[in-house]
Amino acid sequence: MKKFNFCEYFMFPPLNINREKLEQKLSGKTLLITGASYGIGKSLCHLLAGMSVHLVITARSTDKLLILKSEIEKQGTKVSVFSCNLYNTLECENLINFLKNISGGIDIFISNAGKSIRRPLNQSLERFHDYQRTMNLNYFAPVQLCLYLIPVLKKNKGHIISVSAVNVLLEPAPYWAAYQASKTAFDQWLRSNIPELNTMGITTSIIYLPLVKTRMIAPTPIYKNFPARKPIDAAIIIAKAIISKQNSYKPWWLFICQFASLTASKWFRIICTFYVKKNEKNRNSL
Ligand SMILES: NC(=O)c1ccc[n+]([C@@H]2O[C@H](COP(=O)([O-])OP(=O)(O)OC[C@H]3O[C@@H](n4cnc5c(N)ncnc54)[C@H](OP(=O)(O)O)[C@@H]3O)[C@@H](O)[C@H]2O)c1
């Protein structure tokens, strides 16, 4: 039996969703969900299963998407699958061409596909592609999709939901440069455009997620014992944003971290430098 984790409970109080309200809000709508094959995107699809919506799901893993489609369609929800690699602008263009054939167009765009990389700078010197890939997936692909979708969402009085991370609102941590720069880029792009999007009648919600137990955090051993949300919780947070159309979601404790980020950034950098030095020493002694 899993041990009760008080810290996790305190940081991440249990969530529930009013399915009836969600269903009312979504009835007859078409949702584009990127990154639906695993983790948060997949949990969101399961949460929406059984509702009278049309889910357009995308990711690279065709097999996973097809299994998900058959599971969800068994519950009466229509699912369209388009697999593509969003590192690639042309494949993103192919997705856009596919979306052009969706009758009525997209009502809600959930920009969820993402990749994180944790790598020291001195191991990144030959890996410019890490930066290109994270920027392509976490920044350029959602921008490319938004540019196509904006007129459609304007017509449908639609909603853009960006699945972001608390990190973009905090002092940046070492080893995460590729991920943080790319997530921050899309966050800034969207925030800068919010007044224009809202003027067009398009709602925007930015979901600043804390750590979520998905395959994304699995390669980082230090996260094993960190308090983290479950993928279904992240899906519920997104679903709540669909209902409430709130501008953003932030965990309740984030303001404390933001205050510390502002007032103690010098100390944070000193601690980070100490941590990096210690890691370097350990690596050199191996
Ligand atoms: N997990 C966390 O702690 C955490 C915290 C804050 C924010 N987030 C954000 O939450 C979102 C979802 O992450 P997750 O935790 O659910 O991770 P995940 O389980 O690794 O899922 C990522 C999804 O993105 C898709 N994807 C990855 N590379 C792609 C590519 N090149 N082209 C198309 N699709 C691609 C993956 O599908 P394929 O591999 O099949 O392509 C998968 O469906 C991300 O935007 C992430 O930044 C996560």
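Every value quoted in this text rests on a predicted model; they were computed, and no experiment measured them.

Asks: Looking at this structure, I do not really get the packing of helix H5 (residues 89–100) against helix H6 (residues 128–156). What am I missing?
Replies: A packed helix pair is summarised by two numbers, namely the angle formed by the two axes and the spacing between the axes. Between H5 and H6, the shortest axis-to-axis distance is 10 Å and the interhelical angle comes to 30°. Taken as axis vectors, H5 and H6 run roughly parallel relative to one another. Judged by the twist between their axes, the crossing of H5 over H6 is right-handed. Touching Thr89, Cys92, Glu93, Leu95, Ile96, Leu99 and Lys100 of H5 are Ala141, Gln144, Leu145, Tyr148 and Leu149, all from H6. Its residues assigned to classes, the contact of H5 with H6 comprises 8 nonpolar, 2 polar and 2 charged.

Asks: Even after reading the chapter, I still don't get the pairing of strand E1 (residues 30–34), so can you show me in this structure?
Replies: In the case of a regular strand, side chains alternate between the two sheet surfaces. A large share of E1 lies buried, amounting to 5 of its 5 residues. A two-sided burial pattern is seen for E1, the buried positions comprising Thr30, Leu32 and Thr34 on one face and Leu31 and Ile33 on the other. Two elements, E1 and strand E2 (residues 54–59), share 5 bridges in a ladder whose sense is parallel. When the bridges of E2 are listed, Leu31 appears paired with Leu55. Viewed along the sheet, the connection from E1 through helix H3 (residues 39–48) into E2 turns out right-handed. Examined bridge by bridge, E1 and strand E4 (residues 108–111) share 3 bridges and lie parallel to one another. Of the residues in E4, the one forming a bridge with Leu32 is Phe109.

Asks: Honestly, the site of the ligand in this entry has me stumped. Any pointers?
Replies: Lining the immediate environment of the ligand, one finds 30 residues, of which Arg60, Ser61, Asn112, Tyr179 and Thr214 sit closest. Contact between the ligand and Leu86: a nitrogen atom at 2.8 Å from a main-chain N or O atom of the residue. A distance of 2.7 Å is found between an oxygen atom of the ligand and a backbone nitrogen or oxygen belonging to Val212. Compared with its free state, where it exposes 880 Å², the ligand has 97% of that area covered by protein. By residue number, the principal contributor to the shell around the ligand is strand E5 (residues 159–165), which donates 3 residues. Classifying every residue of the shell around the ligand gives 18 nonpolar, 9 polar and 3 charged.

Rules used in this analysis
Residues numbered from 1 in each chain as written. Predicted model: local features only at pLDDT ≥ 70, side-chain atom pairs only at ≥ 80, totals over all residues. Heavy atoms only, no water. Axes fitted to C-alpha atoms, helices over the stretch in contact; angles between N-to-C directions. Helix = DSSP H or I, 4+ residues; strand = E, 2+ residues; numbered from the N terminus. Parallel < 35°, antiparallel > 145°, perpendicular 65-115°, else oblique. Left-handed = near helix turned anticlockwise from the far one by under 90°. Contact = heavy atoms within 4.5 Å. Nonpolar A, V, L, I, M, F, W, Y, C, P; charged D, E, K, R; others polar. Buried < 20%, exposed > 50% of the residue type's maximum accessible area, 1.4 Å probe, protein only. Pairing = 2+ DSSP bridges. Right-handed = clockwise from strand over helix to strand, strands pointing away. Near = heavy atom within 4 Å. Polar contact = N/O pair within 3.5 Å; in protein donor to acceptor, adjacent residues only side chain to side chain. Areas by Shrake-Rupley, 256 points an atom, 1.4 Å probe, with all protein chains shown as cover.

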